[in-house]
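Here's the letter readout for the chains.
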Amino acid sequence: MIAQDIRQSFQQHRFFRWLIYFSAIILLIKLAALFILPITPHAIEDWYIANNIAHGNGFSLSLGPTALKTPVYPLFLLPFALIGSIGITIASTVQHILWFFAVIAFMRACAIRFGNRFSSISGFIFAFHPAYLYYPFVLETTALSVPLLIFYWYYAELQKQTNQYSIVWMIGGFIIGLCQPILLPAIFVLHSYFAKPFTKKKYITLVLSAIIVFTPWTIRNALTFHQFIPMKSPMWMNVYEGMTKSLSEADIAFIESARTMHNDVQMEEYYKQVATTHIAENPAQYVNECLHRFQEFWLIPDRYSDRVFEPGILISRIIPQVTLMITTIIGLVILILRKHTLQEHSEMLWIMTGTLLYVSLIYTLTQAANIRFKLDVEWLQIVVLFPIFK
């Protein structure tokens, strides 16, 4: 089904062919940079967990067993960690290839949903988005979850034409949700949307799919930490990290001391103690901090504020962020004003808009210190541009 759809599009649509050619050239250039320059991929906790598994130390970080990360991405990295030092480069290579195919899937999903004209425009924007061009060099969950979610959307659009939704498709969606938990509500909504009419059989399949995906990880966490952790441990940690600038030195010292003795699951109580006290004593300040984090999420995190005029930050973040932000607002205004003419597409556009707002709210209430947080959903903004080009 997928091969036939892509082959047919490749034969019939010239722009689709040319975008694949250009994307392939860019892929080869990036792989050459990876092996010849060479560019060293940036790795964080997931890679260290994968390395620990490879060396027989289990799903752990420096202080022992961890639930700081969900298992999907570390397990994706595990085969590369088993290779040795070259594994980090091979892992990045595979990510670059996944993103190449994600461009194809993105164009086809947009074409099926919105037509070939918008598919050409949105595909071009996505294929040459500076941050997404670079991100496969980073070994972090977003580098896997974004392509997987695009593949999931594309496959769902193909299935919608036949009204067949297999348990494999539903399991795949929940695996993406486990890979990037902040996207799980969107996965549920998309499951419900694409599986309409939602029969009893489909509901049972949905529940069974969720049980199959989440039960092993939840049982592992229960046996390891004696707690119910269906996703990952950090919640209060993220709230704490978002308010460190306004905390006292004593509070920060208290947390730093506790970190040397306790793992991430145990640390949640310490983060909660400091965070809830700060919020209770300074509610107005917390509201201001939330508003500031919303600005960070939609523009640029504070950690990069002194570099906003550097070419790399300007090209990769400031210009795309501002352009997408303005055009997204324009697209939503048109969607509201022309709701009757856009009625056929409005439900999907509002699902994507709702996902953007939900993710924004979560990071507003917790922390928005990293660019990668926005990249989880920034591609949805490209889709929301459809009303402008209708």
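First, a word on scope: everything that follows refers to the structure included in this document. Note that this is a predicted model, so its numbers are computed, not measured. (Residues numbered from 1 in each chain as written. Predicted model: local features only at pLDDT ≥ 70, side-chain atom pairs only at ≥ 80, totals over all residues. Heavy atoms only, no water.)

### Topic: a nonpolar patch on the surface
Together, I167, V168, F198, Y203, I204, V207, L208, I211 and I212 give the surface a local cluster of nonpolar side chains, amounting to about 790 Å² of exposed area. Listing elements by their share of the nonpolar patch, those giving two or more residues are helix 9 (167-179) and helix 11 (200-225). Sort the elements by how many residues they give to the nonpolar patch and helix 11 lands first, with 6 residues. Residue placement: F198 occurs in the loop between helix 10 (184-194) and helix 11. The exposure class assigned to F198 is partly exposed, which follows from its relative accessible area of 33%. (Patch = residues over 30% accessible without salt bridge, like charges linked within 9 Å, V, L, I, M, F, W, Y side chains within 5 Å. Areas by Shrake-Rupley, 256 points an atom, 1.4 Å probe, with all protein chains shown as cover. Salt bridge = Lys/Arg side-chain N within 4 Å of Asp/Glu carboxyl O. Helix = DSSP H or I, 4+ residues; strand = E, 2+ residues; numbered from the N terminus. Buried < 20%, exposed > 50% of the residue type's maximum accessible area, 1.4 Å probe, protein only.)

### Some details on the packing of aromatic side chains
Tallying each qualifying case throughout the model produces 31 aromatic pairs. Both rings, one in F124 and one in F128, keep their centres 4.9 Å apart while their planes meet at 45°; by these two values the pair is tilted. Given a relative accessible area of 28%, F128 falls into the partly exposed group. Between the aromatic rings of Y193 and F194, the centroid separation amounts to 5.1 Å while the plane-to-plane angle is 80°, which identifies the pairing as edge-to-face. Residue classification places F194 among the buried residues on the basis of a relative accessible area of 0%. By the ring-pair criterion, three or more aromatic residues cluster together here, those being W99, F106, F126, Y132, W153 and W379. (Phe/Tyr/Trp six-rings, centres within 6.5 Å; stacked < 30°, edge-to-face > 60°.)

### Some details on the pattern of salt bridges
For the structure on display, the rule yields 10 salt bridges. E378 serves as the salt-bridge partner of K374, at 3.3 Å between the closest nitrogen and oxygen. The buried category is assigned to K374, whose relative accessible area is 2%. A single salt-bridge network, built from bridges that share partners, covers E241, E256 and R259.

### Some words on the side chain of T355
Looking at the secondary structure, you find T355 in helix 17 (residues 343-365). For T355, the contacting residues outside a window of four places in its chain are A186, V377 and L380. (Contact = heavy atoms within 4.5 Å.)

### Thoughts on unusual backbone geometry
Residue P38 is bonded to the preceding L37 through a cis peptide linkage, with omega at -15°. Mapped onto the secondary structure, P38 falls in the loop between helix 2 (14-36) and strand 1 (42-43). Phi at H226 takes a positive value of approximately 60°, unusual for a residue other than glycine. Mapped onto the fold, H226 is located in the loop between helix 11 and helix 12 (236-241).

### Comments concerning the environment of M261
Structurally, the position occupied by M261 is in the loop between helix 13 (249-259) and helix 14 (264-281). M261 sits in the exposed class, given a relative accessible area of 55%. Distance in space between the C-alpha atoms of M261 and L63 is 7.7 Å, their sequence separation being 198 residues.

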